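# Descriptive analysis of the structure
What follows is the residue order along each chain.
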Amino acid sequence: MFLTYIYRELRRRHRQAILTSLGLALGICLVVVVSATAGGVRNAQTQVLHTLYGVGTDITVSQNATQGSGGPAQFGMNPGSPDQQGQRFSRDRINSTSGLALISDKKVTSIANLNGVSAAVGGLTLSSIHMSGHFAQVTGGTSGPPAGQFGGSVTSTATPSQAPIKIDAFSIAGVDVADQSIGPLSSATITSGRTFSMSETDAKVVVVDSGYAKQNSLAVGDTMKIGGVKFTVIGVSKSASADANVYMPLQRAQTLADEKGKVNQVYVKATSATLITQVKKAIKATVPGATVTTAQDLANQVSGSLSSASKLANQLGKWLAIAALVAAIAVASLLMLSAVGRRVREFGTLKALGWRSRRIVSQVLGEALAMGVAGGIAGIGLGYAGAQLISRLSPSLQATVANAGFPRGGATTFGGSPGGAGPSSAMRGFAHTVTVNLHAVVSPALLAVAIALAIGGALIAGALGGWRAARLSPADALRRVD
Amino acid sequence: MLYELHDVSKRYDQSKKQVVALNGIDLTIAEGEFLAIQGSTGSGKTTLLQMLGALDGPTAGSVLFEGQDLAKMTERQLSRLRSNAFGFVFQAFNLIPTLTAQENVETALVPLRISATERAERARSALAEVGLAERGAHVPAELSGGEQQRVGIARALVHNPRVILADEPSGNLDERTRDEIISLLENLWRERDQTIILVTHDSHIAARASRRLWLDAGAVADPNIAGEPVPPEELVPSPV
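Residues numbered from 1 in each chain as written. Chains lettered and ligands numbered in written order. Predicted model: local features only at pLDDT ≥ 70, side-chain atom pairs only at ≥ 80, totals over all residues. Heavy atoms only, no water.

## Focus on the overall build of chain A
Looking only at helices and strands, chain A has 13 helices and 18 strands in total. With 482 residues in all, chain A has 47% of them scored as buried. In chain A, the share of contacts with a sequence separation of at least 24, taken over all contacts with a separation of at least 6, comes to 85%. Split by element, the accessible area of chain A, about 21900 Å² in all, is 58% carbon and sulfur. (Helix = DSSP H or I, 4+ residues; strand = E, 2+ residues; numbered from the N terminus. Buried < 20%, exposed > 50% of the residue type's maximum accessible area, 1.4 Å probe, protein only. Contact = heavy atoms within 4.5 Å. Areas by Shrake-Rupley, 256 points an atom, 1.4 Å probe, with all protein chains shown as cover.)

## Let's talk about the sheet that holds strand E5 (residues 68–69) of chain B
Residue and element names in this part refer to chain B. Across the sheet, four strands lie side by side as E2-E1-E4-E5; this open sheet has antiparallel pairing. Strand pairing shows two members of the sheet lacking a second neighbour, strand E2 (17–29) and E5, which therefore form its edges. With two bridges joining them, strand E4 (residues 60–65) and E5 adopt antiparallel strand pairing. For Phe-65, the partnering residue across the bridge sits in E5 and is Gln-68. Sitting on the sheet, helix H1 (residues 45–52) is in contact with strand E1 (3–14), E2 and E4, with an inclination near 125 degrees to E1. (Pairing = 2+ DSSP bridges. Axes fitted to C-alpha atoms, helices over the stretch in contact; angles between N-to-C directions.)

## Describing the nonpolar core
In this structure, Phe-347 and Leu-350 of chain A together with Val-105, Val-151, Ile-153, Leu-185 and Ile-196 of chain B are the most contacted members of the largest nonpolar core, which totals 60 residues. When residues of this core are assigned to their parent elements, the largest contribution, six residues, is made by helix H6 (residues 175–192) of chain B. (Core = buried A, V, L, I, M, F, W, Y, C linked by side-chain atoms within 4.5 Å.)

## Quick word on the confidence of the model for chain B
All names here are of chain B. Averaged over every residue, the pLDDT of chain B is 88; the share at 70 or more is 92%. Note that residues 226–233 has pLDDT below 50 and, in this model, eleven contacts with residues that lie over four places away or in other chains. Predicted confidence for residues 235–240 stays below pLDDT 50, and this span has 13 contacts to residues more than four positions away or in other chains. (pLDDT = per-residue confidence, 0-100.)

## Describing the packing of aromatic side chains
All names here are of chain B. Within the structure shown, the criterion is met by seven aromatic pairs over all chains. Judged by centre distance (5.3 Å) and plane angle (65 degrees), the rings of Phe-34 and Trp-189 are edge-to-face. Of this pair, Phe-34 sits in strand E3 (residues 34–39) while Trp-189 is found in helix H6, placing the two residues 155 residues apart along the sequence. Taking relative accessible area as the criterion, Trp-189 reaches 11% and is therefore assigned buried. (Phe/Tyr/Trp six-rings, centres within 6.5 Å; stacked < 30°, edge-to-face > 60°.)

## Here we look at the sheet that holds strand E9 (residues 211–216) of chain B
Residue and element names in this part refer to chain B. On the basis of which strands lie adjacent, the open sheet formed by six strands has the order E6-E7-E8-E3-E9-E10 and mixed pairing. Looking along the sheet, the strands with just one partner apiece sit at the ends: strand E6 (86–89) and strand E10 (219–220). Where E6 lies against strand E7 (residues 163–167), four bridges are found, and the strand directions are parallel. Bridged to Phe-86 within E7 is Val-163. The strands that H1 touches are E3, E6, E7, strand E8 (195–200) and E9; relative to E8, the one it contacts most, it runs at about 155 degrees. Of the strands in this sheet, E6 and E7 are in contact with helix H2 (residues 75–85), which crosses E6 at around 75 degrees.

## Thoughts on the packing of helix H10 (residues 357–393) of chain A against helix H12 (residues 444–471) of chain A
All names here are of chain A. The interhelical angle for the contact between H10 and H12, taken along N-to-C directions, is 150 degrees, at an axis separation of 7 Å. As summarised for this structure, H10 and H12 are arranged roughly antiparallel, according to the angle between their axes. When you trace H10 past H12, the crossing you get is right-handed. Per-class residue counts for the contact of H10 with H12 are 19 nonpolar, six polar and no charged. (Parallel < 35°, antiparallel > 145°, perpendicular 65-115°, else oblique. Left-handed = near helix turned anticlockwise from the far one by under 90°. Nonpolar A, V, L, I, M, F, W, Y, C, P; charged D, E, K, R; others polar.)

## Observations regarding H1 of chain B
Residues and elements named next belong to chain B. For H1, the buried fraction is high: seven of the eight residues fall into the buried class. Buried within H1 we find Lys-45, Thr-47, Leu-48, Leu-49, Gln-50, Met-51 and Leu-52. Looking one or two residues beyond H1, the residue adopting positive phi is Ala-54, at roughly 60 degrees.

## Points about H2 of chain B
Listing the buried residues of H2 of chain B in full gives Leu-78, Ser-79, Leu-81, Arg-82, Ser-83 and Ala-85 of chain B. Where H2 of chain B is buried, its residues contact helix H9 (344–352) and helix H13 (474–479) of chain A together with E4, E6 and E7 of chain B.

## Describing the interface of chain B and chain A
Between chain B and chain A, the contact holds 26 residues from the first and 22 residues from the second. Of the roughly 2200 Å² buried where chain B meets chain A, counting both sides, 60% is carbon and sulfur surface. Linking chain B with chain A are one salt bridge. One salt bridge in this structure joins Glu-103 of chain B and Arg-8 of chain A, with 2.4 Å as the shortest N-O distance. Between chain B and chain A we count six residue pairs in polar contact (both at pLDDT 80 or more) in total. (Buried area = accessible area lost by both parts, 1.4 Å probe. Salt bridge = Lys/Arg side-chain N within 4 Å of Asp/Glu carboxyl O. Polar contact = N/O pair within 3.5 Å; in protein donor to acceptor, adjacent residues only side chain to side chain.)

Quick look at the structure:
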């Protein structure tokens, strides 16, 4: 009788029932689409942060180089003596990334021993430039530097002939092979081959970024020369940010750069997310003058369309969904109240027949629940379709992080002429941009929340209607003229 | 005694004005009576019937049913009393429009918490008793006024109530159908010794009751009219 009565009553008021269900469906649809989009934006943010920052890394520590340290890169492109003019030359230069001061290994150990630090590993980012070509042919008077001296500048009144120079510049990241869960390789995926084993602390092996591998036709098993040393490619990695072109064991990178026991970045993992601020303070005290960047700092620096989408989803979208849901529940409540108002005599009769108020309320709630379930299912269907449409269109979002002492990322497009900006300036003050595609995520939890909201909304509407029905005195209800 | 009413009054507040619906009614009703409550419009007869059916309470005085003061009963007890002891017949039939005749009759059995099979069986036999065995699957809109009121009577008697309370049961019917309905109630009184309390403004119908009560402005107008039961041979012949 309970279900028959609900079914017949909804069939009789089918227009109103459809309107109520559609209202709820629209509200639920918006909640699903907005939440799925917000979930997609969050995933995109996480993806961006991971690519920029490395999965598992909570904090990075670096130290800016002091002004006047280092020196101009000298490649010795001038012939030392007139007889070297026009001869072939080949130069390699490997330096610690410009702008970053070197930090002692001991500081890494001190950071690792801080309270709230789960792990800390050092990393050494290097820039490698290989130049080859022919010395310039100088015609006319010459007052060059003494024979045997490479480097320096040409001080000639004569005009050097154009000499073709081939430049191969790339970045290197020294990876602590003992803990690769944090650090430069943590955000990368090995697409072929393997990563470093624990024993390869000083091995002449490298993992190359897929983009760089493709550009230079490198594959697993191939060899490449870096600083005159032959390295075997053991793996190819892929990451959106391409932290470096080439990864090698930290100790080997230190040897290559002649910087034993030195790193220029420290990757830190906190024991708990709540301790990150405290750990940041402790690190600053341990390494005075260090630039300590947390994931939140980085997230705050993210700008671009991803940031706008995030703000849109979190602010406008959230309120739009809430407003639509509240409006849907309000409309459903009004329609339920109106329906109960039209059935006063019916409920009065049922009370005269001995039906208790509770039974009448449950009847009204049952009708509301049926409309809520129908609205919820329709809303989830519409919302899912909307989310699929967004995923199909897959709008691309760009996230840009201005460099704020966070010397990561793929400032790998050095190149240019040797007399131009060069790698040093390219690595300094970069803004890193990552493009990700937005995929709206409809999770089972979201579907559960949506159906709960639909049922909850319908029950609120039903409870209001039921409350009105329960308040009726049977005598008053029967006196009512329809 | 089935009912005892002592000095029962009912007043309503209606837009700053107090309306007296009942004014000091003293009345007793015995089991097996067929009582007709007569009176003009606004005389308080429907109010009195609702009090007898535990749908409304007095503002003064007491209504005792089988010695129990209805005003002292909880809402739950009143619901139980209405579902067990009373059967209502309404002037406008008050059938649920979406339910079939069979299902409408079953609504009176819902509070008794009996099985669906027993409920259906009892509803079928109540419909058969009022001559509608073949019309159970029809919704009210597909039934004539007389048939709808028969469904109303089946619904009132399906749970074997102590009293059937009928409020102008033939008020919305033509003369021929009116006689059919009154005869149906009268047969229940005669054959089942069913207590029937009927409100009407029609003297022709009231004349067929065993006792008549005339209300005027909420008070019993002529106590003498409430006489002895009318002998069957003096009753208006039933057309059925």
